Amino acid sequence: MAKNVNVVDITDIEYDCFKSMLRWGRHLGLSSLTEKTLDFILENADDVFKTEGFLKLSNDNLHTFLSRDDICAFEEEIITAAILWAKHHCNDNKEDTNGQTMRQALGPVIYTLRIPLLSLRKYTDILVKSTILSEDEELGLYKYFTMSNKNLEDLCGFDKSPRSRLSLFIKVNDILKKKKAEHMHVLNFSHKDISRLQPKYVMQTL
């Protein structure tokens, strides 16, 4: 007799389980599980960044995650999360936590961070403060942010193209804001219109 099988959707899984799912998906060669897990964490990136599982990702998995074009998070959140991961890695390995050791921990992951998408203020507050960039990178990016004639060489190898899903999110959010503003305008107009009509209505009923 066949048993009923309950299908568990990927969204029913706790955020902190994604590390194990990625590992087993790859170990067993289950590409569909790996892709579904990645889709889940990409769509919920801002929550995933706050988990212990994210901090314990391997460098390879971190690279896979942060290099994706469709990660749904602001770049400052992605960069901040990467720095926290590097700090955690250094602490786990009982290393001094400084710009040099964190840069070594990140390795090639550093170039998945789209630093040119930040504002100058965020760049200063997050990247310069972290000291994970070399002096040449700091200077080059500062020139890119501040000079009117942009030189691609000043990007120092960092990608400046927006992440596709975030662009869509911003576009949809802007549309929703406009719709809400239009709706509020209609409501305000209706309220004023009703208030004007009320005296006439009262006179007619007397």
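See the structure above.
Since the model is a prediction, treat every value here as computed from it, not as a measurement.

Trainee: A description of the overall build of the chain should follow, citing residues and the corresponding values.
Mentor: Secondary structure summary: the chain contains ten helices and zero strands in total. Along its sequence from the N terminus, the chain presents helices and strands in the succession α-α-α-α-α-α-α-α-α-α. Burial statistics for the chain: of 206 residues in total, 33% are counted as buried. At a minimum sequence separation of 6, the contacts of the chain that also span at least 24 residues come to 66%. Carbon and sulfur atoms make up 55% of the accessible area of the chain, which totals about 13,700 Å².

Trainee: Give a description of the nonpolar core that names residues and reports values.
Mentor: Ranked by size, the top nonpolar core spans 39 residues in total, and within it F49, F54, F65, L66, L106, I115 and L127 carry the most contacts. Sorting the residues of this core by element identifies α2 (31-43), α3 (45-48), α4 (52-55), α5 (59-66), α6 (75-92), α7 (99-106), α8 (120-130) and α9 (135-146) as the ones contributing at least two each. Take this core: its biggest share by element is eight residues, from α6. Excluding residues within four positions of it along the chain, L66 makes contact with F49, I71, I78, A82, V109, T112, L113 and R163.

Trainee: Would you mind going over α5 in detail, with residue names and values included?
Mentor: Residues of α5 that are buried include every one of N61, L62, F65 and L66, and no others. Projected down its long axis, α5 shows its buried positions confined to an angular sector of 120 degrees, all on one face.

Trainee: I'd love a proper account of the packing of aromatic side chains, names of residues and values included.
Mentor: Applying the stated criterion to the full structure yields six aromatic pairs. A ring pair is formed by F49 and F54, whose centres lie 5.2 Å apart and whose planes are at 70 degrees; its orientation type is edge-to-face. Take F54: its relative accessible area is 0%, and that puts it in the buried class. Ring centres of Y123 and F145 lie 4.9 Å apart, and the angle between their planes is 40 degrees; on these two criteria the pair is classed as tilted. With a gap of 22 residues between them, Y123 in helix α8 and F145 in helix α9 connect regions that are remote in the sequence. Across this residue pair, the class does not change: Y123 and F145 are buried.

Trainee: How would you sum up the side chain of T112? Please name residues and give values.
Mentor: For T112, the location among the structural elements is in the loop between α7 and α8. A distance of 2.6 Å separates a polar side-chain atom of T112 from the backbone oxygen of V109.

Trainee: Report on unusual backbone geometry, specifying residues and quantitative values.
Mentor: Most peptide bonds are trans, and most residues other than glycine sit at a negative phi. The backbone phi angle of K94 is positive, close to 55 degrees, even though this residue is not glycine. For K94, the location among the structural elements is in the loop between α6 and α7.

Calculation notes
- Residues numbered from 1 in each chain as written.
- Predicted model: local features only at pLDDT ≥ 70, side-chain atom pairs only at ≥ 80, totals over all residues.
- Heavy atoms only, no water.
- Helix = DSSP H or I, 4+ residues; strand = E, 2+ residues; numbered from the N terminus.
- Buried < 20%, exposed > 50% of the residue type's maximum accessible area, 1.4 Å probe, protein only.
- Contact = heavy atoms within 4.5 Å.
- Areas by Shrake-Rupley, 256 points an atom, 1.4 Å probe, with all protein chains shown as cover.
- Core = buried A, V, L, I, M, F, W, Y, C linked by side-chain atoms within 4.5 Å.
- Arc of directions from axis to C-beta.
- Phe/Tyr/Trp six-rings, centres within 6.5 Å; stacked < 30°, edge-to-face > 60°.
- Polar contact = N/O pair within 3.5 Å; in protein donor to acceptor, adjacent residues only side chain to side chain.

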